2 protein chains.
Amino acid sequence: MLNFSASEENYLKTIFHLQTKDNNVTTNELAERLHTRPASITDMMKKLKTRKLVNYQPYQGFRLTLEGKKAALNIIRRHRLWEYFLASKLKFNWDEVHEVAEQLEHVSNKKLIDKLDEYLAYPKFDPHGDPIPDTHGKMETSKQISLAELHLNRRARICYVANQSELLLEHLHEKKIKIGALVIVKRKFSYDDSLEIKLDNKPALTISGQLAKNVFVRHG
Amino acid sequence: MLNFSASEENYLKTIFHLQTKDNNVTTNELAERLHTRPASITDMMKKLKTRKLVNYQPYQGFRLTLEGKKAALNIIRRHRLWEYFLASKLKFNWDEVHEVAEQLEHVSNKKLIDKLDEYLAYPKFDPHGDPIPDTHGKMETSKQISLAELHLNRRARICYVANQSELLLEHLHEKKIKIGALVIVKRKFSYDDSLEIKLDNKPALTISGQLAKNVFVRHG
DNA sequence: AAATAAATTTAGACAAACCTAAAAAATAAC
DNA sequence: GTTATTTTTTAGGTTTGTCTAAATTTATTT
């Protein structure tokens, strides 16, 4: 595996997140995301092009080559493994892990990451619900979403609860909402963002938008 | 706590290790230790002086200010905590941890380090037997002695290995001599300074005086 | 299709952290 | 106490990754 500077890694990772099947990443888009200036993007694209990590023709935007994608997935693997570590072992809140992982991800030592992965028992998703690539860059294709984002009548399973305050946990207990339960959203009330859901095919119940935002599910 | 570049941190840490009560650190000394050129040391000393981290008068060598020492201890704390983590949780060999910790130590986030410390149950010594500073820079001072100096039949624990050459480390591995092991010197042969020792109450083995001088223990 | 606006690139500069080669200071040798 | 040697510093240069301002290309209006 080649070696990259922290800067190069941030570019690769961010291009990966921005590029889609049919849309190249643009200079301005990337500049904004990286809190840098368009001129800096152009500079770096030239460099990444000579390293064969991006395809780039002036004024045409850019996308990762296969090699670039491989590198990006490796960086994302590190980031998400550290996020998982921070949340599960060090008891960081899920909304605090990203910032720290941004730094840890640049420590590049294959053995470290593979041993960390093993230590964490090969987790498949990070605390935000994003899939963690394995050593070969392969990962699950589903993403964890909040109950508030779940479409009507789609079957999903509760897999995570964010912001685990005393009050929230008590409320969940009250409503008998548990990790692993099958859930289907039956109605959405845009007036107050509350939802009517069914849990494990039991009678429907209503929950607040507040609550729905903190309960996460995965399709399937 | 102020913010330092990885480079600055390496300088601070290394000055801390080199400076003694009565001897300033010299330019060449530091250059050799950091695998850099003397001219680069001078450059950096000027910078660290304006930041009030070292006392430095041209041609007179340098030493850390109180502020610089505080910073150095913080970096050493990070380094040794990561070493401990790598050895105790990720099952790295104790002779592999240094290299990885050299990278991890530059991730600066107080909460991360304090939570790591807590997670590791506030270890007092790293896998090489060096004491780990606490949040305030305080650490154990207990005197280590070499195995060669240990009295007959006194129980002690192996806590440190000096002169960590490839050969020495390999030899230790061969003899299954590990940090943390309980050791008792059973006989001393003045003919060649070799020793007969017991490790963790397993059958006695013989080691050379050469080796004994490089293996350090702590009573207890 | 010409004019205007927006996006992108080029040109030139800067800071950090290193380098080499030459000069200066301190130390050691005679 | 000069001279020679070693150590340290200065002067000037390089690379990486950033910047601003100006030029250029592409896209949008009218």
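A short tour of the structure in this document, coming up. (Residues numbered from 1 in each chain as written. Chains lettered and ligands numbered in written order. Predicted model: local features only at pLDDT ≥ 70, side-chain atom pairs only at ≥ 80, totals over all residues. Heavy atoms only, no water.)

Regarding the pattern of salt bridges
What counts here: Between Lys or Arg on one side and Asp or Glu on the other, a salt bridge is scored when a side-chain nitrogen of the former is within 4 Å of a carboxyl oxygen of the latter. Using a 1.4 Å probe on the protein chains alone, a residue whose accessible area is under 20% of its type maximum counts as buried, one over 50% counts as exposed, and one in between counts as partly exposed. Numbered from the N terminus, helices here are DSSP runs of H or I no shorter than four residues, and strands are runs of E no shorter than two.
If you walk through the whole model with that rule in mind, you get 22 salt bridges over all chains. Between Arg187 of chain A and Glu196 of chain A there is a salt bridge, and its shortest N-O distance comes to 3.8 Å. On the basis of relative accessibility, which here comes to 45%, the residue Arg187 of chain A falls in the partly exposed class. Between Asp114 of chain B and Arg77 of chain B there is a salt bridge; the shortest N-O distance is 2.8 Å. Of this pair, Asp114 of chain B sits in helix α6 (residues 110–119) while Arg77 of chain B is found in helix α4 (residues 66–88), placing the two residues 37 residues apart along the sequence. Using a relative accessible area of 26% as the deciding quantity, one classes Asp114 of chain B as partly exposed. For Arg77 of chain B, a relative accessible area of 2% translates into the label buried. Sharing partners across several salt bridges, the network here consists of Arg77, Lys110, Asp114 and Asp117 of chain A.

Things to note about the protein's contact with DNA strand D
Heads up, the condition is: Being near a molecule or strand, for a residue, comes down to having at least one heavy atom within 4 Å of it. What qualifies as a polar contact is a pair of N or O atoms within 3.5 Å, subject to a donor-acceptor requirement within protein and to the restriction that residues adjacent in sequence count only when both atoms come from side chains. Each residue gets one of three labels, nonpolar for Ala, Val, Leu, Ile, Met, Phe, Trp, Tyr, Cys and Pro, charged for Asp, Glu, Lys and Arg, and polar for the others, Gly among them.
Lining the immediate surroundings of DNA strand D are 20 residues, of which Ser5, Thr36, Ser40 and Lys47 of chain A together with Tyr56 of chain B lie closest. If you look at DNA strand D and keep only atoms within 4 Å of the protein, 78% of those are sugar or phosphate atoms. Contacts to DNA strand D include Thr27 of chain B, whose side-chain N or O atom sits 3.1 Å from a phosphate oxygen. Separating a phosphate oxygen of DNA strand D from a backbone N or O atom of Asn28 of chain B is a distance of 2.8 Å. Of all elements in the fold, only α1 (6–18) and α3 (38–50) of chain A together with α2 (27–33) and α3 (38–50) of chain B reach the threshold of two or more residues within the surface near DNA strand D. Of the residues in the surface near DNA strand D, the class split is eight nonpolar, eight polar and four charged.

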